[in-house]
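Observations on chain architecture
One-letter residues, chain by chain:
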Amino acid sequence: MYDYDLLVVGSANADLVIGVERRPAAGETVLGSDLAVHPGGKGANQAVAAARLGARTALLARVGDDAHGRLLLDSLRAAGVDPAGVLAGGAPTGVALITVDPSGDNSIVVSPGANGRLTPDDVRAAAPLVGSARVVSAQLEIPLESVVEAVRHLAPGSRFVLNPSPPRPLPQELLDACDPLIVNEHEAKVILGGDDGAGDAPEDWARALLARGPRSVVVTLGGEGALVASAQGVSRVPSVRVDAVDTTGAGDAFTAALAWRLGAGASLPEAAAYAARVGAAAVTRRGAQESYPTAAEVDALGPAVARGGSR
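Let us look at the structure shown here. Keep in mind that what you see is a predicted model, and the values were worked out from it rather than measured.

**Concerning the pattern of salt bridges**
The tally for this structure, following the rule as stated, stands at 13 salt bridges. Here Asp122 makes a salt bridge to Arg62, at a shortest N to O gap of 3.2 Å. With Asp122 in helix H3 (residues 120–125) and Arg62 in strand E4 (residues 57–63), this residue pair connects regions lying 60 residues apart in the sequence. Residue Asp122 is classed as buried on the basis of its relative accessible area of 15%. Arg62 gets classed as buried once you look at its relative accessible area, which sits at 13%.

Listed below in C-alpha cells is the structure:
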C-alpha cells in the first residue's frame, strides 16, 4: 500500500510575471504590465496540478525562510499537497522571472536559490517519503545528483517520471529509471547531444531516446499534441483546441497528469491523452498553479483534435 499516488521531487519558486507586447531584443528596454507574483517552480507546479486532479500528492523540495517560501507553502496546502517534505532555509526561495506576450508564449529566467541547496543528503533523509509513493516525478531545477539519489530510494514496483528541464546530459542510471522520459523538441536535442543519426522528425527523436535506456519516452509537441514511444511502438496523441492565454506551467500540468494516470493503471497513450487535456485547460488561464484544472474541468473540455496525422 502506497501512502501517496505521486511524490514530486523538485523545485519551488516564486514566479515574477510581467506581460509585454513583445520580448526585448538585446540591449532594448520595453515597458510591461504591473508585476504579478505567483507560486511556481516545476516541482511545486506538478504537485499542485496532481493534487487538484485528486491525486494524493507530496512534495520534496527546499524553500527559503522568507515571504516567497510562505507563499509557496500556503499554495501547496490550499491545493491539498502534503508539504511534509518541504525543507526551509539555506538560501532565499528560488525566483523565476517570466515575460508573457499577447499570444500567451513566455520566456523564463530562473534564479535557483534554495532549490540548489536540496542535496543528496536531504533526499537520503527523506528516503521513507520517497519509498512511500506509487510514482515519483522529478525535473532538473534542483541538483542532478539529488535526482539520481531519489531514484536509488524508489519503492519496489513504483515508477519514475522525469522531465529533464532545463536539459543537460543525463547519467545512465537516471536514463535507465525513466518510465517515461518526457521532453520537448529542445530537451530531446540536448539529451541526444547532436546525434546525427537521430533524424529530424519527433518519431526519430523518440526512438533515439528510447535506445539510450528509458523504458518509455514522451515527446510534447505544443499545439500538435504529443508522441509516445515504448517497446510497444510509437504513436501520436492529438491536441485539444483551446484559446491560449498563458502557457506558463502548462508542461508541468501535463507531466503531473500523465504521472498520476500512469500510477492509476492507465496505458502510456491513455495517460498522455488525458495529460494533453489537462495541459490544454491550463493555458486558458493566467499563471501557473492558479491555472490548473480540477478533474471535473478537464472532463468538460471538448474532444481531442488530431492535426496532420502521424509522420
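Once the structure has been displayed, the description carries forward.
**Some details on the sheet that holds strand E12 (residues 226–230)**
Taken together, the 9 strands give an open sheet; going across it, the order is E5-E4-E1-E8-E9-E10-E11-E12-E13, and neighbouring strands pair in mixed fashion. Edge positions in the sheet fall to strand E5 (82–88) and strand E13 (233–237), since each has one partner strand and no second. Neighbour-to-neighbour, the strand axes of the sheet open up by a mean angle of 15 degrees, direction not taken into account. When strand E10 (residues 178–183) meets strand E11 (residues 216–220), the two strands line up parallel, connected through 3 bridges. The residue bridging Ile182 from the neighbouring strand is Val218, located in E11. Across the face of the sheet, helix H1 (residues 42–53) comes into contact with strand E1 (4–9), E4 and strand E8 (133–138) while running at roughly 160 degrees to E4. Helix H10 (residues 268–282) contacts E10, E11, E12 and E13 of the sheet and is inclined by roughly 20 degrees relative to E13.

Criteria and cut-off values
- Residues numbered from 1 in each chain as written.
- Predicted model: local features only at pLDDT ≥ 70, side-chain atom pairs only at ≥ 80, totals over all residues.
- Heavy atoms only, no water.
- Salt bridge = Lys/Arg side-chain N within 4 Å of Asp/Glu carboxyl O.
- Helix = DSSP H or I, 4+ residues; strand = E, 2+ residues; numbered from the N terminus.
- Buried < 20%, exposed > 50% of the residue type's maximum accessible area, 1.4 Å probe, protein only.
- Pairing = 2+ DSSP bridges.
- Axes fitted to C-alpha atoms, helices over the stretch in contact; angles between N-to-C directions.
- Contact = heavy atoms within 4.5 Å.

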